[in-house]
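# Observations on the three-dimensional arrangement
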Amino acid sequence: QVQLVESGGGLVQPGGSLRLSCAASGTIFSIYTMGWYRQAPGKQRELVATITSGGRTNYADSVKGRFTISRDNAKNTVSLQMNSLKSEDTAVYYCNADVLGGSTWTRRDYWGQGTQVTVSS
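Let me begin by describing the structure that accompanies this report.

Criteria and thresholds
- Residues numbered from 1 in each chain as written.
- Predicted model: local features only at pLDDT ≥ 70, side-chain atom pairs only at ≥ 80, totals over all residues.
- Heavy atoms only, no water.
- Helix = DSSP H or I, 4+ residues; strand = E, 2+ residues; numbered from the N terminus.
- Rg over C-alpha atoms; globule rule 2.2 N^0.38 Å.
- Buried < 20%, exposed > 50% of the residue type's maximum accessible area, 1.4 Å probe, protein only.
- Pairing = 2+ DSSP bridges.
- Disulfide = S-S within 2.5 Å.
- Salt bridge = Lys/Arg side-chain N within 4 Å of Asp/Glu carboxyl O.
- Core = buried A, V, L, I, M, F, W, Y, C linked by side-chain atoms within 4.5 Å.

Broken down by element type, the chain carries zero helices and 11 strands. When the helices and strands of the chain are placed in sequence order, the string is β-β-β-β-β-β-β-β-β-β-β. Rg of the C-alpha trace for the chain: 14 Å, near the compact-globule value of 14 Å for 121 residues, within the 12% margin. Each of the three principal axes of the chain carries a C-alpha extent, and together these read 45 × 25 × 20 Å. The burial tally for the chain puts 41% of its 121 residues in the buried class.

Structure, rendered in structure tokens:
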């Protein structure tokens, strides 16, 4: 199978920075798009940022200019550098990856378990 493990969440003051990381492991042949999503209490999960295997990025309007997504294809990792954090960025952040692999060598989406980011003074 394929597992995604996130790290780097926590509590930060408004205006501060955090860096989230996610590592994919298991039976992996290829990873296509990787990304970060978030879900705040009482709200639907929403896209934060994605990055293709070729490095093309896409950001939600709400995080453009503040967040930067990057990946290391050799290590099967994706990171999210979050700067100038606001209280409205408070949410559980989930790593996502479009992976060809697993026990049946199929292509599907995988999700991490989520990591809490709280922006508060």
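Attention shifts here to the pairing of strand 4 (residues 28–39). Summarising the sheet, strand 4 and strand 9 (residues 91–101) pair through nine bridges and their orientation is antiparallel. Along strand 9, the bridge assignment pairs R38 with Y93. The pairing of strand 4 with strand 5 (residues 46–51) spans five bridges and is antiparallel. By the bridge assignment for strand 5, M34 is matched with I51. Hairpin geometry of strand 4 and strand 5 is characterised by an intervening segment of six residues between the two adjacent antiparallel strands and by a positive phi of about 80 degrees at G42.

Before going further, it helps to examine the pairing of strand 3 (residues 18–26). For strand 1 (residues 2–7) and strand 3, the ladder comprises six bridges, and the chain directions are antiparallel. What sits directly across from S7, in strand 3, is S21. Bridge count for strand 3 against strand 8 (residues 77–82) is six bridges, and the pairing is antiparallel. Residue pairing for strand 8: C22 is matched across the bridge by V78.

Moving on to unusual backbone geometry. Generally, phi is negative for residues other than glycine and the peptide bonds are trans, each holding for most cases. We note that N76 has phi near 55 degrees; this positive angle belongs to a residue other than glycine. Looking at the secondary structure, you find N76 in the loop between strand 7 (67–72) and strand 8. Its relative accessible area of 23% is what places N76 among the partly exposed residues.

Here the focus is the state of the cysteines. All told, the structure shown has one disulfide when counted by the stated rule. Each disulfide pairs two cysteine sulfurs, and for C22 the partner residue is C95, the sulfurs being separated by 2.1 Å. Judged by the sign of its S-S torsion, about -80 degrees, the bond between C22 and C95 is left-handed. Of this pair, C22 sits in strand 3 while C95 sits in strand 9, and the two are 73 residues apart along the sequence. Accessibility expressed as a relative area gives 1% for C22, which makes it buried.

On to the pattern of salt bridges, then. For the coordinates displayed, the defined rule picks out five salt bridges. Among the charged side chains, a network of salt bridges with common partners joins R38, E46, R66 and D89.

Moving on, we come to the nonpolar core. Grouped together as the largest cluster of nonpolar side chains are 31 residues, with contacts concentrated most on W36, L80, M82 and Y93. At the level of elements, strand 1, strand 3, strand 4, strand 5, strand 7, strand 8, strand 9 and strand 11 (115–119) are the ones that each hand at least two residues to this core. Ranked by residue count, the leading element in this core is strand 9, at five residues.

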